[in-house]
Amino acid sequence: VEADWAVASAASLVLADVRLVGGSGGAASLSVASGGELSLLRVEVESGGAVSFSGSVSVTECVLTGTDLVGSAASAVLSVSGGTLTGSAVSLSAGSAVLDGSCTLVNSPVSISAGTVSVSACELQSDGASVPLMIESGGSASVSGVVFRSSAGDITVVSVSDGGSL
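Described below are features of the structure shown in this document. (Residues numbered from 1 in each chain as written. Predicted model: local features only at pLDDT ≥ 70, side-chain atom pairs only at ≥ 80, totals over all residues. Heavy atoms only, no water.)

Some words on the environment of serine 137
Its location among the elements puts serine 137 in the loop between β19 (133–135) and β20 (140–144). The exposure class assigned to serine 137 is partly exposed, which follows from its relative accessible area of 48%. In sequence terms serine 137 and glycine 115 are 22 residues apart; their C-alpha atoms lie 9.6 Å from each other. Those residues within four positions of serine 137 in sequence are excluded, and the remaining contacts are Ser113, Ala114, Ser161, Asp162, Gly163 and Gly164. A polar atom in the side chain of serine 137 sits 3.4 Å from the backbone oxygen of aspartate 162. (Helix = DSSP H or I, 4+ residues; strand = E, 2+ residues; numbered from the N terminus. Buried < 20%, exposed > 50% of the residue type's maximum accessible area, 1.4 Å probe, protein only. Contact = heavy atoms within 4.5 Å. Polar contact = N/O pair within 3.5 Å; in protein donor to acceptor, adjacent residues only side chain to side chain.)

Regarding the sheet that holds strand β2 (residues 12–16)
Strands belonging to one sheet form pairs held by backbone hydrogen bonds; the direction of such a pair is parallel or antiparallel. The strand order across the open sheet built from 7 strands is β2-β5-β8-β11-β14-β17-β20, with neighbouring strands paired in parallel fashion. Across the chains shown, the open sheet's two edge strands, defined by having one partner strand only, are β2 and β20. Going across the sheet, the axis of each strand differs from the next one's by a mean of 5°, ignoring polarity. (Pairing = 2+ DSSP bridges. Axes fitted to C-alpha atoms, helices over the stretch in contact; angles between N-to-C directions.)

Looking at the sheet that holds strand β6 (residues 44–45)
Strand order in the open sheet formed by 7 strands is β3-β6-β9-β12-β15-β18-β21, and the pairing between neighbours is parallel. Each edge of the sheet is formed by a strand with only one pairing partner; in this case those strands are β3 (19–20) and β21 (147–150). The pairing of β3 with β6 spans 2 bridges and is parallel. Across the sheet, residue arginine 19 finds its bridge partner in β6, namely glutamate 44.

Some details on unusual backbone geometry
The backbone of glutamate 61 sits at a positive phi, close to 50°, despite the residue not being glycine. Structurally, glutamate 61 is set in the loop between β8 (56–60) and β9 (63–65). For glutamate 61, a relative accessible area of 45% gives the class partly exposed. Residues other than glycine seldom take positive phi values, yet asparagine 107 does so here, at roughly 50°.

Details of the side chain of serine 108
Here serine 108 shows up in the loop between β15 (104–106) and β16 (110–112). Of the residues examined, serine 108 reaches a relative accessible area of 4% and is grouped as buried. One polar contact links the side chain of serine 108 to the main-chain amide nitrogen of glycine 87, over a distance of 3.2 Å. Of the polar contacts made by the side chain of serine 108, one reaches the backbone nitrogen of serine 88; its length is 3.0 Å. For serine 108, the contacting residues outside a window of four places in its chain are Leu85, Thr86, Gly87, Ser88, Gln125 and Pro132.

Structural notes on the side chain of serine 54
By the element assignment, serine 54 lies in the loop between β7 (49–53) and β8. In this view, serine 54 contacts Val32, Ala33, Ser34, Ser72, Ala73, Ser75 and Ala76; residues no more than four positions away in its chain are not counted.

So, the pattern of salt bridges
With the rule as written, the count across this model stands at 2 salt bridges. For arginine 42, the salt bridge is made with aspartate 17, and the minimal N-O distance between the two is 2.6 Å. One end of the pair, arginine 42, is in the loop between β5 (37–41) and β6; the other, aspartate 17, is in the loop between β2 and β3, with 25 residues separating them in the sequence. The partner of arginine 149 in a salt bridge is glutamate 123, with the nearest N and O atoms 3.0 Å apart. With arginine 149 in strand β21 and glutamate 123 in strand β18 (residues 123–126), this pair connects stretches of sequence that are 26 residues apart. With relative accessibility at 47%, the residue arginine 149 sits in the partly exposed group. The exposure class assigned to glutamate 123 is buried, which follows from its relative accessible area of 18%. (Salt bridge = Lys/Arg side-chain N within 4 Å of Asp/Glu carboxyl O.)

Encoded structure:
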């Protein structure tokens, strides 16, 4: 399914058991307005793309490759449970995120500023090109039961900037 979709405020969209490809820019593009809800259940994205959100996004048992999840408002809420993100990025400049349920992030850094993230029972893998978990000024993270793996030898697994908290 080609994906250039927007979820408006007070609207919801559930995508289950589909493969998203392309879109107008050659990559899947999904946006969720404040008050909107997007649920991805067993969705596969191979061509890359982005999910930008000010509303709520739930990602369950998905396989996302080259897909950036970008939250940009205090109302942004992300939940990732199970599945695998490869060559992707999770970035919150506000809002909150919960990553759990045995999800695996391969070369997919998590960056938080002016928001909160909770990571538990996940595996964060890195080739050394980026720090798997970055907490910027104003960001807060809690980490529990997380396995960090590196294919590049010794790496920094968590970076906490002044004003950030872990």
